[in-house]
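Chain and residue survey
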Amino acid sequence: MDVRAVAYEALLEHSGALRSVYADAFCAPPWNEDEERADAFVARLGSDVRRPGFTSALAFDGRNVVGFATAWATPTPFPVDRCYPQAAAGLGPSRTEEWLCSAREIDELAVRPTARGTGIAAGLLRAVTEDAPDGRAWLLTSLRSPRAMSFYRHQGWTQATHPSPDGHGIAVFLGPHHPARTLAAEPL
């Protein structure tokens, strides 16, 4: 297995494989996304690669793509679409701006189920965060996936928001070198 950072042109050349990996990773439980979401991911890649600070990595098994990660710099002001309002509500306005704006935001991390447990996800995460300015990297994930929550904790990420433990909502994680990680509230 081989993990490497790739330029956006090379990433787009693999869009068919990325769609397949996305579907394998997210159409199954606990995510339960449908094929249309996989199509939408590939469709938005064309604009995502133009975001400031965009970076990506691919994982290969031979010539086959088995995983990928994408990231970029979170804009200021903080976005109000997708799951961003939940993240902002959990942190409050000043922490959202100080901790997340201009930081490296991991948007997607996906690995084929057949390649899980091989260290690929950890390698992909490192590849898109190792050069984050001042170590400021963050992501959000769904509480529906205890596996994802556990993975990020084991990689040294700090959970910064603690939504109701009813299995819904999202949690913000700060990277292991994020200067605010020690300021994050501990769970109740």
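Structure: above.
Residues numbered from 1 in each chain as written. Predicted model: local features only at pLDDT ≥ 70, side-chain atom pairs only at ≥ 80, totals over all residues. Heavy atoms only, no water.

The next thing to look at is helix α6 (residues 120-129). Of all 10 residues in α6, eight are buried; the element is thus mostly enclosed. Looking at α6, one finds that the buried residues are Ile120, Ala122, Gly123, Leu124, Leu125, Ala127, Val128 and Thr129. Among the structural elements, β1 (2-6), β2 (55-61), β3 (64-73), β4 (104-111), β5 (137-142) and α7 (146-154) are those in contact with the buried residues of α6. (Buried < 20%, exposed > 50% of the residue type's maximum accessible area, 1.4 Å probe, protein only. Helix = DSSP H or I, 4+ residues; strand = E, 2+ residues; numbered from the N terminus. Contact = heavy atoms within 4.5 Å.)

Take the packing of aromatic side chains next. Centre distance and the angle of the planes are the two values used to describe a pair of aromatic rings. All told, the structure shown has nine aromatic pairs when counted by the stated rule. Aromatic pair Phe78 and Trp138: ring centres 6.1 Å apart, planes at 40°, arrangement tilted. On the criterion of sequence distance, the pair formed by Phe78 in the loop between β3 and α4 (84-91) and Trp138 in strand β5 is long-range, its members being 60 residues apart. Judged by centre distance (5.8 Å) and plane angle (45°), the ring pair of Tyr152 and Phe173 falls under tilted. Taken as a pair, Tyr152 in helix α7 and Phe173 in strand β7 (residues 170-174) lie far apart in primary sequence, 21 residues in all. Owing to a relative accessible area of 0%, Phe173 belongs among the buried residues under this scheme. Of note, Arg51 hangs over the ring of Trp72, and the distance from its end group to the ring centre comes to 4.0 Å. (Phe/Tyr/Trp six-rings, centres within 6.5 Å; stacked < 30°, edge-to-face > 60°. Lys NZ or Arg CZ within 6 Å of the ring centre and 35° of its normal.)

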